[in-house]
Amino acid sequence: MAGEFGKFIDGKRRGRGPDGGAILLKDIAKAMGATPTYLSDIVKGRRNPPEISMLLKVSVSCKMNLNS
């Protein structure tokens, strides 16, 4: 499951940055209150998805809503 979640987050951050590029992992990590390494490990499937409170912060950072 960790790998699938990481692929999902990686796909959602692409094209949502201010210049049309990807939102940087370090920016999402900062919004989560986590380190970029922690988030990178999640994206690469090395760690399980974070708790719901952190997921909400990821969704805001990636400009996602229930329909995204």
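First, a word on scope: everything that follows refers to the structure included in this document.

The rules behind these values
- Throughout, a residue's number is its position along its own chain's written sequence, starting from 1.
- With pLDDT at 70 or above as the cut-off, local features in this predicted model cover only qualifying residues; side-chain atom pairs require 80 or more to be listed or tallied, and sums for whole chains, interfaces and linings still use all residues.
- To get the side-chain values, take all heavy atoms of the structure and skip hydrogens and water.
- A run of H or I in DSSP counts as a helix once it spans at least four residues, and a run of E counts as a strand once it spans at least two, with each numbered from the N terminus.
- Each polar contact in these results corresponds to two N or O atoms within 3.5 Å; when the atoms are within protein, one needs to be able to donate a hydrogen and the other to accept it, and residues that are neighboring in sequence are counted only if both atoms are side-chain atoms.
- Contacts are residue-level and defined by heavy atoms, with any inter-residue pair within 4.5 Å sufficient.
- Accessibility here uses a 1.4 Å probe with only protein chains present; expressed as a share of the type maximum, an area under 20% marks a residue as buried, one over 50% as exposed, and anything in between as partly exposed.

**Comments concerning the side chain of Arg-13**
- With respect to the helices, strands and loops of the structure, Arg-13 is situated in helix 1 (residues 2-13).
- Within polar-contact distance, the side chain of Arg-13 engages the side chain of Asp-10 at 2.9 Å.
- Non-local contacts of Arg-13, meaning those with residues more than four positions away in its chain, are made with Gly-21, Ala-22, Ile-23, Leu-24, Leu-25, Ile-28 and Cys-62.

**Overview of the environment of Asp-41**
- By the element assignment, Asp-41 lies in helix 3 (residues 36-43).
- Given a relative accessible area of 13%, Asp-41 falls into the buried group.
- Not counting the four nearest positions on each side in its chain, Asp-41 is found in contact with Arg-46 and Arg-47.

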